[in-house]
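Geometric and topological summary
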Amino acid sequence: NILHHNHREAEEGVSMIDARLSDGSRLNAVFAPVAVEGSMLTIRKFRQDIINATDLVDRDTLSPAMVEFLQVAVESHLNIIVGGGTGSGKTTMLNVLSSYIPEGERIITIEDTAELQLSQDHVGRMEVMPPNRFGEGGVPINQLFRNSLRMRPDRIVVGECRGKEAFDMLQAMNTGHDGSMTTLHANSARDILTRLENMVLMAGYGLPTEAVRRQIGTAIHLLFHMRRFPDGSRKLSSITEITGLQGDTISTQELFTFREEGRSADGTVQGRFLPASMAPKFFDRLREEGKSPPVELFR
């Protein structure tokens, strides 16, 4: 019943199934002959309550100054990518960022498997539908993305960017859908740009590398990198602003960073969240609009 409800059927010829349970948990099943020693079932459970920024400050995932900054960034309609490894807290951070989207805006979420928890009223959720065993009836994420542009969204939030949908996302961000967000797997802030560039190039549109970098440099404003440390703690290890292009190189400026300063006796990571010495470049635009950005956050 669970698998039929998720439009995923365990039948002959199907060796792997990825589904979502009624409480939001993710289910993954692998059958023979792929599972050599017998079928394997994995259930990944999530918190039922929505984690907010205060929770993350209490866990030392980020600092109060970073919370104030990310609220300004979201309300200023900056396009944001959250990168990090598996289990580093990317989706949790995306949920926190999304919580600062004003109530009056229409949000469309697009996910491979629905995990995002948004509290706003005007949220339209879409989820990828895999094809059946005959390869028919599937709806891939890039098709959902293109359809979302016809739904009059103020913001588009993509759970995870993995492939050729990266090109559609950049196009949307460059054509009026400011304030959009997504996550992707990356080992550093700079690696986020490399991964994004590779996904666009592998989409098969034949764009030269210089054109892809120009698209990225004008579409993306901020890079958030999440890191999971050996003691199990998760931290927003850096916030980086894209400041423009120098030739065919994307210029960046690190705004916040976590500086590790050792370990306690029980192995807990010790360190500090440090701001940059220069305020973000987008603060200049906010001043021109008559706003007062919090320059006091930076040394």
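Up top is the structure these notes are about.
The paragraphs below set out a description of the structure included in this document. Only a predicted model underlies this, so the values are computations on that prediction, with no experimental measurement involved.

1. Topic: the environment of glutamate 165
With respect to the helices and strands, glutamate 165 occurs in helix α6 (residues 165-173). Apart from the residues within four sequence positions on either side, glutamate 165 is in contact with Ile141, Asn142 and Glu160.

2. Re the packing of α6 against helix α8 (residues 209-219)
α8 packs onto α6 with a crossing angle of 50 degrees between their chain directions and a minimal axis gap of 9 Å. By the angle between their directions, the pair α6 and α8 is classed as oblique. The two elements α6 and α8 cross, and the hand of that crossing is left-handed. From α6, Leu170, Gln171 and Met173 reach across to α8, where they touch Gln215, Ile216 and Ala219. Residue composition of the contact of α6 with α8, grouped by class: 4 nonpolar, 2 polar and no charged.

3. Focus on helix α5 (residues 141-148)
Within α5, the full set of buried residues consists of Ile141, Asn142, Leu144, Phe145 and Ser148. Along the axis of α5, the buried positions cluster into a sector of 155 degrees, meaning they face one direction only. Looking at the buried side of α5, the elements it contacts are β5 (107-111), β6 (123-127), β7 (155-158) and α6.

So, how was this worked out
- Within each chain, residues carry numbers counting from 1 in the order of the written sequence.
- Thresholds applied to this predicted model are a pLDDT of at least 70 for local features of residues and 80 or more for the giving and counting of side-chain atom pairs; totals over whole chains, interfaces and linings are not thresholded and use all residues.
- As a rule here, side-chain values cover all heavy atoms of the structure and leave hydrogens and water aside.
- Each helix corresponds to a stretch of at least 4 residues labelled H or I by DSSP, and each strand to a stretch of at least 2 residues labelled E; elements are numbered beginning at the N terminus.
- Contacts are assigned to residue pairs with any non-hydrogen atoms lying within 4.5 Å of each other.
- In this analysis, axes come from line fits to C-alpha atoms, helices being fitted only over the stretch in contact, and the angle between any two N-to-C directions falls in the range 0 to 180 degrees.
- Roughly parallel means an angle under 35 degrees; roughly antiparallel means over 145; roughly perpendicular covers 65 to 115; every other angle is labelled oblique.
- In a left-handed crossing the near helix is turned counterclockwise from the far helix by less than a right angle, and in a right-handed crossing that turn is clockwise.
- Under the grouping applied here, Gly and all other residues not named as nonpolar or charged are polar, the nonpolar ones being Ala, Val, Leu, Ile, Met, Phe, Trp, Tyr, Cys and Pro and the charged ones Asp, Glu, Lys and Arg.
- The classification of residues rests on relative accessible area computed with a 1.4 Å probe and restricted to protein chains. Under 20% of the type maximum is buried, over 50% is exposed, and intermediate values are partly exposed.
- Comment: arc refers to directions from the helix axis out to C-beta atoms.

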